[in-house]
Amino acid sequence: QLQASGGGLVQAGGSLRLSCAASGRTFSIYVMGWFRQAPGKEREFVATITWSGGSTAYADSVKGRFTISRDNAKNTVDLQMNTLKPEDTAVYYCAVGTTTRGFDYWGQGTQVTVSS
């Protein structure tokens, strides 16, 4: 089970921190990530972090503004979002991949709304 939290309403230029906790079923995590889906648009990649080495990847649209981090002991992954823009408004989903072949488990999503 993946539980995401931390969404909300913020003005443009503000910050939010999302957190996602993996609990319950035991599985081996290879990578955790954040994706988002805005109204009328397809879900898109935001950021990922590998569980072992901590390698990160970011969408071009969030580079320099968002930072992904993980806590291996707690099985959590956070997304620090700074300098938020109205176009960041979306439902944000966390996901877990147990292999290199993609993401196997998805959280329920948390709404982020950035007002102009």
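Residues numbered from 1 in each chain as written. Predicted model: local features only at pLDDT ≥ 70, side-chain atom pairs only at ≥ 80, totals over all residues. Heavy atoms only, no water.

Quick notes on the pattern of salt bridges
Next, step 1: Scanning all chains against the criterion turns up five salt bridges.
Next, step 2: Of the charged contacts, one joins Asp78 and Arg17 as a salt bridge, the two residues approaching to 3.2 Å between their closest N and O atoms. Here the residue Asp78 occupies a position in strand E8 (residues 76-81), and Arg17 occupies one in strand E3 (residues 16-22), the gap between them amounting to 61 residues.
Next, step 3: In this structure, Asp60 engages Lys63 in a salt bridge whose closest nitrogen and oxygen atoms are separated by 3.2 Å.
Next, step 4: Judged by relative accessible area, which is 49%, Lys63 ranks as partly exposed. (Salt bridge = Lys/Arg side-chain N within 4 Å of Asp/Glu carboxyl O. Helix = DSSP H or I, 4+ residues; strand = E, 2+ residues; numbered from the N terminus. Buried < 20%, exposed > 50% of the residue type's maximum accessible area, 1.4 Å probe, protein only.)

Observations concerning the pairing of strand E5 (residues 44-50)
Next, step 1: Within E5, five of the seven residues are buried, which leaves the element mostly enclosed by the surrounding structure.
Next, step 2: The pairing of strand E4 (residues 31-37) with E5 spans six bridges and is antiparallel. Bridging across to E5, Val31 finds its partner in Thr50.
Next, step 3: Hairpin connection of E4 to E5: six residues between the antiparallel strands, including Gly40 at a positive phi of 80°. (Pairing = 2+ DSSP bridges.)

Regarding unusual backbone geometry
Next, step 1: Phi at Asn75 takes a positive value of approximately 55°, unusual for a residue other than glycine.
Next, step 2: Within the fold, Asn75 resides in the loop between strand E7 (66-71) and E8.
Next, step 3: When its relative accessible area of 28% is taken as the criterion, Asn75 is described as partly exposed.
Next, step 4: For Thr83, which is not glycine, the phi torsion reads 45° and is therefore positive.
Next, step 5: With respect to the helices and strands, Thr83 occurs in the loop between E8 and strand E9 (90-97).

Some words on the state of the cysteines
Next, step 1: On inspection of all chains with the given rule, the structure shows one disulfide.
Next, step 2: There is a disulfide in this structure between Cys20 and Cys94, and the S-S distance comes to 2.0 Å. Judged by the torsion about the S-S bond (50°), the Cys20/Cys94 disulfide is right-handed. One end of the pair, Cys20, is in strand E3; the other, Cys94, is in strand E9, and 74 residues separate them in sequence. An identical accessibility class is assigned to Cys20 and Cys94; each is buried. (Disulfide = S-S within 2.5 Å.)

Thoughts on the nonpolar core
Next, step 1: Membership of the largest hydrophobic core comes to 29 residues, with the highest contact counts inside it found for Met32, Trp34, Val46, Phe66, Leu79, Met81 and Tyr92.
Next, step 2: Sorting the residues of this core by element identifies strand E1 (2-5), E3, E4, E5, E7, E8, E9 and strand E11 (110-115) as the ones contributing at least two each.
Next, step 3: Once residues within four sequence positions are removed from consideration, Phe66 is found in contact with Arg36, Val46, Tyr58, Leu79, Gln80, Met81, Asn82, Leu84, Asp88 and Tyr92. (Core = buried A, V, L, I, M, F, W, Y, C linked by side-chain atoms within 4.5 Å. Contact = heavy atoms within 4.5 Å.)

Re the sheet that holds E8
Next, step 1: The strand order across the open sheet formed by four strands is E1-E3-E8-E7, and the pairing between neighbours is antiparallel. This sheet does not close on itself; its edge strands, each paired only once, are E1 and E7. Averaged over neighbouring strand pairs, the angle between their axes works out to 15° when direction is ignored.
Next, step 2: As judged from the four bridges shared by E1 and E3, these two strands associate in the antiparallel manner. When the bridges of E3 are listed, Ala4 appears paired with Cys20. (Axes fitted to C-alpha atoms, helices over the stretch in contact; angles between N-to-C directions.)

Taken by themselves, the reported measurements are silent on function.
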